[in-house]
Amino acid sequence: MKHIRNFCIIAHIDHGKSTLADRLLEFTKTIGERDMQAQFLDDMDLERERGITIKSHAIQMDYLYKGEKYTLNLIDTPGHVDFSYEVSRSIAACEGALLLVDAAQGTEAQTISNLYLAMNNNLVIIPVLNKIDLPGAMPEEVKDEMVDLIGCEREDIIPASGKEGIGIEAILNAIVERVPPPSGDPEGELQALIFDSQFNSYRGIEVIFRVKNGRIRKGDKVKFMATGKEYFADEIGTLKLSQVPKEVIECGDVGYLISGIKVAKEVKVGDTITRFAAPAAAPIQGFEEVKPMVFAGIYPVDTSEYEELREAMEKLQLNDASLVWEPETSAALGFGFRCGFLGMLHMEIVQERLEREFDMTVITTVPSVRFEVITTKGETLQVSAPAEMPDPSSIDWIEEPFIKAQIITKAEYVGAIIGLCMDKRSLFKNQVYLTADRVELQFEMPLAEVVFDFFDKLKTISRGYASLDYEFLGNRESTMVKLDIMLNGEGVDALSAIVHRDKAYEWGKKLCEKLRELLPRQQFEIAIQAAIGQKIIARETVKALRKDVLAKCYGGDISRKRKLLEKQKKGKKRMRQVGNVEIPQEAFMAVLKIN
Ligand SMILES: Nc1nc2c(ncn2[C@@H]2O[C@H](COP(=O)(O)OP(=O)(O)OP(=O)(O)O)[C@@H](O)[C@H]2O)c(=O)[nH]1
């Protein structure tokens, strides 16, 4: 155990975590240059494209330090708020963390929230000032920030550049010197923390774990303490460039387990693996069931593709345990699925994967949070879709989820951001100057407001100089109402939303206006109405028009004509028919873009 070091890299998105990880792997010859594919740790195409590490993985390096061989386990952590529980479990599997700060950007919201997580888990922090090669780097200012934030010495900060390969050896040495070896009782009962899992279509689910006490042997009968399920450790091993099967994984080390598990849901991040024959007295602290926070309907554009969509969703769920769904029907959209996501990014990822990996064309309805409705009969209902909202007369009160949001920005944008947050029904809690120019703001705000256009607006008003992080606070009472949209008198259930009463009028009006822009003119007039219960609160009209796209072509050029028809056909693909009105996909997402 003396020669094991378990560490992770924590950083704000884009501060260079993946690039630095690559350099560490190269330097320790864990991967040869020939195998080197940019950003090795992000192995899903989508991840590479978005430059966001979506799922955490682990990789083991050997490092020779003063003539002795050390085993360094790098545990990768996802960098987005939606996945903060996974981050917390990865951190719990480590003794040390490299805290990476971009020398041109300085500390951001996720730097701080991840740092706090690491500190709460008593991790040794190794501060790294990254991207010092950038012309815009401000090493001295950012070092000041880091010293203030971490309470470290200036000399402790390692200047580095993942891109140029600067500071790599110093970082590896610091990991050996500063991070303590794992503690734990090798002879004790087995306790291994599951901090990740991945799906392999041939071998089933691979569980990634860190042994806290005892050891795990190939062939052992093991038990997952939270789910209560039992398996045989058919194969165990360590993760290098590929998997290296082993007979035993010792106390303190990191490894994988394959035991014929077929569904991701059976493996819960944060669960404890113990030995069936001699179980540990208690699981490792900190296990939580991850709960979906954002809900939306996903429907096939082509109703005949419902079964295909179901199969795709089932496959997706195999390697994404946090995705939950159940069948749902909508009058406007037909058969589809009600899905629960960890957050907005998670939702986007699911939609993109459906389209990319499964070649599905889907419509996603307006996202909602989960409200708690207390009826006059004293029942509590969970409502995560407008259609589930009971009649107003039977509602006593409604509660909605609130979050604690932390925003870091430049001083000049503070006013605008406070304005935006107030507009989003937030409570302003605190304001701290990190440096003369950088401010941390704290708010309590309804999650429902973040789910809508908050991220985009925050980015716009701060010109990109604001970062946001949040945690769930609990439910609070709010006066919410169900707002319905009707086209030519026919309700479009997929466009209904649950909104705060004070905002319902504005919301209805803007939505109607937006729909007027987005609905293509048809051969008859379309009335767009917004209503709360029986009361119409807004109305717009789309004028009738006989649209003859070919008229433009003067009857001549046939290839041009064909092109136009093709274009029109493509546009049709994402259309849905409600009564006699055709609705394009954008309309369903229009609510998200109301300014
Ligand atoms: N100039 C410079 N650019 C860097 C350096 N390290 C990373 N970058 C660039 O910064 C961007 C983000 O780098 P990544 O390594 O993907 O960042 P990350 O922190 O892993 O990002 P997430 O996975 O999204 O959290 C990429 O465009 C890199 O090429 C560096 O040391 N110097």
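On a predicted model such as this, the values are computed, not experimentally measured, just so you know. (Residues numbered from 1 in each chain as written. Predicted model: local features only at pLDDT ≥ 70, side-chain atom pairs only at ≥ 80, totals over all residues. Heavy atoms only, no water.)

A.B. asks: Is there a simple way to think about the overall build of the protein chain in this case?
C.D. replies: In terms of regular secondary structure, the protein chain is built from 13 helices and 33 strands. In the protein chain, buried positions account for 54% of the 595 residues. When the accessible area of the protein chain is evaluated, it comes to approximately 26,500 Å², of which 49% is carbon and sulfur surface. (Helix = DSSP H or I, 4+ residues; strand = E, 2+ residues; numbered from the N terminus. Buried < 20%, exposed > 50% of the residue type's maximum accessible area, 1.4 Å probe, protein only. Areas by Shrake-Rupley, 256 points an atom, 1.4 Å probe, with all protein chains shown as cover.)

A.B. asks: Can you help me understand the nonpolar core in this one?
C.D. replies: Generally speaking, soluble globular proteins have nonpolar side chains that are buried together. Counting residues in hydrophobic clusters, the biggest one holds 49 residues, and the most contacted among them are Leu 354, Ile 407 and Phe 454. If you look at the next biggest cluster of nonpolar residues, it comprises 36 residues, including Ala 118, Ala 137, Cys 152 and Ile 408. (Core = buried A, V, L, I, M, F, W, Y, C linked by side-chain atoms within 4.5 Å.)

A.B. asks: Whenever I open this one, the UniProt feature "binding site: GTP" (unreviewed entry) in the protein chain confuses me. Can you help?
C.D. replies: Listed under "binding site: GTP" (unreviewed entry) in the UniProt record, and renumbered for this structure, are Asp 14, His 15, Gly 16, Lys 17, Ser 18, Thr 19, Asn 130, Lys 131, Ile 132 and Asp 133. Its location among the elements puts Ser 18 in helix α1 (residues 17-27). Among the structural elements, Lys 131 can be located in the loop between β5 (124-130) and α5 (139-150). Beyond its immediate sequence surroundings of up to four residues, Lys 131 is in contact with Asp 14, His 15, Gly 16, Asp 102, Ala 103, Ala 137, Ala 160 and Ser 161. (UniProt positions renumbered as here; feature names shortened; annotations may be inferred. Contact = heavy atoms within 4.5 Å.)

A.B. asks: How should the sheet that holds strand β3 (residues 68-75) be read in this particular structure?
C.D. replies: One key point about sheets: their strands pair by backbone hydrogen bonds, in either a parallel or an antiparallel sense. The sheet built from six strands is open, its strands ordered β2-β3-β1-β4-β5-β6 with mixed pairing. Every other strand in the sheet has two partners, leaving β2 (58-65) and β6 (158-159) as the edge strands with one partner each. For strand β1 (residues 4-11) and strand β4 (residues 96-102), the ladder comprises five bridges, and the chain directions are parallel. Bridged to Phe 7 within β4 is Gly 96. Strands β1, β2, β3 and β4 of the sheet are contacted by α1, whose axis makes an angle of about 155° with β1. In this fold α5 packs onto β4 and β5, with an angle of close to 165° to the strand it touches most, β5. (Pairing = 2+ DSSP bridges. Axes fitted to C-alpha atoms, helices over the stretch in contact; angles between N-to-C directions.)

A.B. asks: Explain the packing of α1 against helix α6 (residues 168-178) here, please?
C.D. replies: Two numbers describe a pair of packed helices, the interaxial angle and the distance between the axes. Axis separation between α1 and α6 bottoms out at 10 Å; the angle between their running directions is 80°. Between α1 and α6, the angle falls in the class roughly perpendicular. In this structure, α1 uses Leu 20, Arg 23, Leu 24 and Phe 27 to contact α6, whose residues at the interface are Ile 168, Glu 169, Ile 171 and Leu 172. The class makeup of the residues in the contact of α1 with α6 is six nonpolar, no polar and two charged. (Parallel < 35°, antiparallel > 145°, perpendicular 65-115°, else oblique. Nonpolar A, V, L, I, M, F, W, Y, C, P; charged D, E, K, R; others polar.)

A.B. asks: Is there a simple way to explain the packing of helix α7 (residues 306-319) against helix α8 (residues 344-357) in this structure?
C.D. replies: Two elements in contact, α7 and α8, have axes whose closest approach is 11 Å; the angle formed by their N-to-C orientations is 125°. As the angle between them shows, α7 and α8 are arranged oblique. Viewed along their axes, α7 and α8 form a crossing whose handedness is right-handed. Note on element contacts: α8 touches α7 through Val 350, Arg 353 and Leu 354, opposite Leu 309, Ala 312, Met 313, Leu 316 and Asn 319. Broken down by class, the residue content of the contact of α7 with α8 amounts to six nonpolar, one polar and one charged. (Left-handed = near helix turned anticlockwise from the far one by under 90°.)

A.B. asks: Would you explain the sheet that holds strand β18 (residues 324-330) in this entry?
C.D. replies: Strand order in the open sheet formed by four strands is β18-β19-β17-β20, and the pairing between neighbours is antiparallel. The open sheet has two edge strands with one neighbour each: β18 and β20 (362-364). Geometrically, the sheet is characterised by an average inter-axis angle of 30° between neighbouring strands, direction not taken into account. Strand direction decides the pairing type here: strand β17 (residues 294-300) and β20, joined by three bridges, are antiparallel. Within the sheet, the bridge partner assigned to Tyr 299 lies in β20 and is Ile 363.

A.B. asks: How should I be thinking about the packing of aromatic side chains in this particular structure?
C.D. replies: Aromatic ring pairs: the centre-centre distance and the angle between the two ring planes describe each pair. Taken as a whole and judged by the stated rule, the model has six aromatic pairs. Plain terms: the ring middles of Trp 325 and Phe 337 are 5.1 Å apart, the flat faces sit at 80° to each other, and that makes the pair edge-to-face. Separated by 12 residues along the polypeptide, Trp 325 in strand β18 and Phe 337 in strand β19 (residues 334-341) bring together distant segments of the chain. Like Trp 325, the residue Phe 337 is buried in the burial classification. Among the aromatic side chains, those forming a connected cluster through ring pairs are Tyr 306, Trp 325, Phe 335 and Phe 337. The ring centre of Phe 276 lies 4.0 Å from the NZ or CZ of Lys 221, which sits over that ring. (Phe/Tyr/Trp six-rings, centres within 6.5 Å; stacked < 30°, edge-to-face > 60°. Lys NZ or Arg CZ within 6 Å of the ring centre and 35° of its normal.)

A.B. asks: Would you mind showing me how to read the side chain of Glu 444 here?
C.D. replies: Tracing the chain through its elements places Glu 444 in strand β25 (residues 438-446). Contact partners of Glu 444, with chain neighbours within four places excluded, come to Phe 402, Ile 403, Arg 425, Ser 426, Leu 427, Lys 429, Leu 473 and Arg 476.

A.B. asks: Explain the pairing of strand β8 (residues 204-213) to me, please; I cannot follow it from the model alone.
C.D. replies: Moving residue by residue along a regular strand, the side chains alternate between the two faces of the sheet. Of all 10 residues that make up β8, nine are buried, and the element is covered over most of its length. Bridge count between strand β7 (residues 191-200) and β8: nine bridges; the pairing is antiparallel. Bridge pairing in β8 links Phe 199 to Ile 205. Pairing geometry for β8 and strand β15 (residues 254-258), over five bridges, is antiparallel.

A.B. asks: Honestly, the state of the cysteines in this entry has me stumped. Any pointers?
C.D. replies: Note on terminology: a disulfide is the covalent bond linking the sulfur atoms of two cysteines. Inspection of every chain in the model, using the stated rule, returns zero disulfides. No disulfide involves Cys 94; its sulfur sits 3.9 Å from the nearest other cysteine sulfur, which is in Cys 8. (Disulfide = S-S within 2.5 Å.)

A.B. asks: Help me understand α5 in this model?
C.D. replies: For an α-helix, 3.6 residues make a turn, and residues three or four places apart therefore share a direction. Over its 12 residues, α5 extends 16 Å from the first C-alpha to the last, a length consistent with the 16 Å expected when each residue adds 1.5 Å. Buried within α5 we find Val 142, Lys 143, Glu 145, Met 146, Leu 149 and Ile 150. Projection of α5 onto a plane perpendicular to its axis shows the buried side chains occupying an angular sector of 160°, all on one side. Lining the buried residues of α5 we find β4, α4 (109-120), β5 and β25. Within two residues after α5, Gly 151 carries a phi angle of roughly 75°, on the positive side. (Expected span 1.5 Å × (residues − 1). Arc of directions from axis to C-beta.)

A.B. asks: Looking at this structure, I do not really get a negative patch on the surface. What am I missing?
C.D. replies: Together, Asp 302, Glu 308, Glu 311, Glu 314 and Asp 359 make up a negatively charged patch on the protein surface. Secondary-structure assignment places Asp 302 in the loop between β17 and α7. Judged by relative accessible area, Asp 302 falls into the partly exposed class, the value being 37%. (Patch = residues over 30% accessible without salt bridge, like charges linked within 9 Å, V, L, I, M, F, W, Y side chains within 5 Å. Salt bridge = Lys/Arg side-chain N within 4 Å of Asp/Glu carboxyl O. Lys, Arg positive; Asp, Glu negative; His and termini not counted. Charge placed at Lys NZ, Arg CZ, Asp CG, Glu CD.)

A.B. asks: Would you take a moment to explain the environment of His 3 for this structure?
C.D. replies: On the secondary structure map, His 3 appears in the segment before β1. Between the C-alpha atoms of His 3 and Thr 71, which are 68 residues apart in sequence, the distance is 6.1 Å. In contact with His 3, not counting residues within four places along its chain, are Glu 68, Lys 69, Tyr 70 and Thr 71.

A.B. asks: I keep staring at the pattern of salt bridges and nothing clicks. Help me out?
C.D. replies: Pairs can form between side chains of opposite charge whenever their charged atoms are close. Applying the stated criterion across every chain yields a total of 28 salt bridges. Salt-bridge contacts for Lys 131 lead to Asp 102; the nearest nitrogen and oxygen are separated by 3.2 Å. One end of the pair, Lys 131, is in the loop between β5 and α5; the other, Asp 102, is in strand β4, with 29 residues separating them in the sequence. Across the pair Arg 338 and Glu 328 runs a salt bridge whose closest N-O atoms are separated by 3.6 Å.

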